[in-house]
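Survey of secondary and tertiary structure
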Amino acid sequence: MTELKILVSGAGKMGQQVAAAVAAEPGMSAVGFVDGLAAAGNLSGLPVASDAAGAIEALHPDVIIDFSNAAWTPGLARIAIEHGVRLVVGTTGLPDDFVPWLSAATSQRKTGAVVAANFAIGAVLMMHFARQAARFFDNAEIIELHHDQKVDSPSGTAKTTAELMRGAREAPFTHPVSEKEPLPGARGAEYGGIAIHSVRLPGLVAHQEVIFGGLGQTLTIRHDTTGRDSFMPGVVAAAREVMKLDHLVVGLDELFGLR
Ligand SMILES: NC(=O)c1ccc[n+]([C@@H]2O[C@H](COP(=O)([O-])OP(=O)(O)OC[C@H]3O[C@@H](n4cnc5c(N)ncnc54)[C@H](O)[C@@H]3O)[C@@H](O)[C@H]2O)c1
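What you see as residue numbers is a count from 1 along each chain, following the sequence as written. Where local features are concerned, this predicted model is filtered to residues with pLDDT of at least 70; where side-chain atom pairs are given and counted, the filter is 80 or more; whole-chain, interface and lining totals use all residues.

Before going further, it helps to spend a moment on the overall build of the chain. Helix and strand labels come from DSSP, where a helix needs a run of H or I of at least four residues and a strand needs a run of E of at least two; each type is numbered from the N terminus. Of the regular secondary structure elements, the chain holds eight helices and 13 strands. Principal-axis analysis of the C-alpha atoms places the extent of the chain at approximately 65 × 40 × 35 Å. Taking all 259 residues of the chain together, 36% fall into the buried category. At a minimum sequence separation of 6, the contacts of the chain that also span at least 24 residues come to 67%. We call a residue exposed when 12 or fewer other C-beta atoms sit within 10 Å of its C-beta, buried when the count reaches 20 or more, and partly exposed for counts in between; the C-beta positions come from the backbone. Distance between backbone-placed C-beta atoms decides contact: two residues are in contact if it is within 7 Å.

Domain delimitation follows an automatic or database domain assignment. The domain architecture assigned to the chain consists of domain 1 (4–115 + 229–255) and domain 2 (121–226). Distance between the C-alpha centres of domain 1 and domain 2: 32 Å. Taken together, the five residues of domain 1 in the interface contact five residues of domain 2. Counting residues per element, the ones that place at least two in the side of domain 1 that touches domain 2 are helix H7 (232–241) and helix H8 (252–255). Charged means Asp, Glu, Lys or Arg here, nonpolar means Ala, Val, Leu, Ile, Met, Phe, Trp, Tyr, Cys or Pro, and polar covers whatever is left, Gly included. Grouping the amino acids of the side of domain 1 that touches domain 2 by side-chain chemistry returns two nonpolar, two polar and one charged.

What follows covers the pairing of strand S1 (residues 4–9). Of all six residues that make up S1, five are buried, and the element is covered over most of its length. Each pair of strands is called paired provided DSSP finds at least two bridges between the two strands. Taken together, the six bridges between S1 and strand S2 (residues 28–34) define a ladder with parallel strand orientation. Within the sheet, the bridge partner assigned to Lys 5 lies in S2 and is Ser 29. Since S1 and S2 lie parallel, the crossover through helix H1 (residues 13–23) that links them has a hand, and here it is right-handed. In this sheet, strand S5 (residues 63–66) lies alongside S1 in parallel orientation, the contact comprising four bridges. Bridge assignment links Leu 7 to a residue of S5, and that residue is Ile 64. The path from the first strand over the helix to the second decides the hand: if it runs clockwise while the strands point away from the viewer, the crossover is right-handed.

Given below as structure tokens:
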């Protein structure tokens, strides 16, 4: 079997972790970084380029794994598709027209791409299991816990989980309202009858609990992320799977056949 050659787009925190994960994986190797804002040079023994077309022509990658910036990813994707290179995209905050464009471009070229907002397999399974449980319980609450530097509350994962849970049922969940609320907001935010509580503390990374309540029982589904390495098994799996695809797949749940 020939080695999969991976070019890493974005030489930041995620990009460097991806290059290390790929280097440790049998059957694949990192051939370099491309980063629109980086000076040409070397990083962890790999060449760094700022020109995507030049890097592709020099290094002949099979797959580009992109964890960079939404301002860079669409241009990079266009160049990758033009050169017949497969794409795994983890960058978030992408423009709304990006996924429809990539879907059309990959179908036309009969080539593979994966775009996923969350590469942590456990988080994807947590959402999947929560969606499965949603129709069996009328009450559910979500507690998400993150480090104190997080800019948004609730987390995107909590909001997506609530949307998936609500979408799995005909009626909204039952949302008990307290008769008295001496401290307003004590019941958290609410979506589709699901109360969502955001905890922000130094020392936390990214954690979420989905608690279902029914007659004489509760069911708790919990996922804990302890570091950026949590994303790596999903990224590496996507790099392998993208070689078998002839179209765009959005989300690890679709890639793993969970939908
Ligand atoms: N999908 C997932 O599971 C997942 C997980 C973690 C992070 N992310 C996303 O990955 C991306 C990178 O995260 P990070 O923590 O490595 O960030 P980072 O800031 O450490 O690295 C970003 C890299 O992108 C480059 N960059 C920034 N703006 C650019 C521009 N305009 N043009 C070209 N290059 C540019 C920077 O030079 C830098 O090397 C973010 O969008 C983040 O939300 C996704």
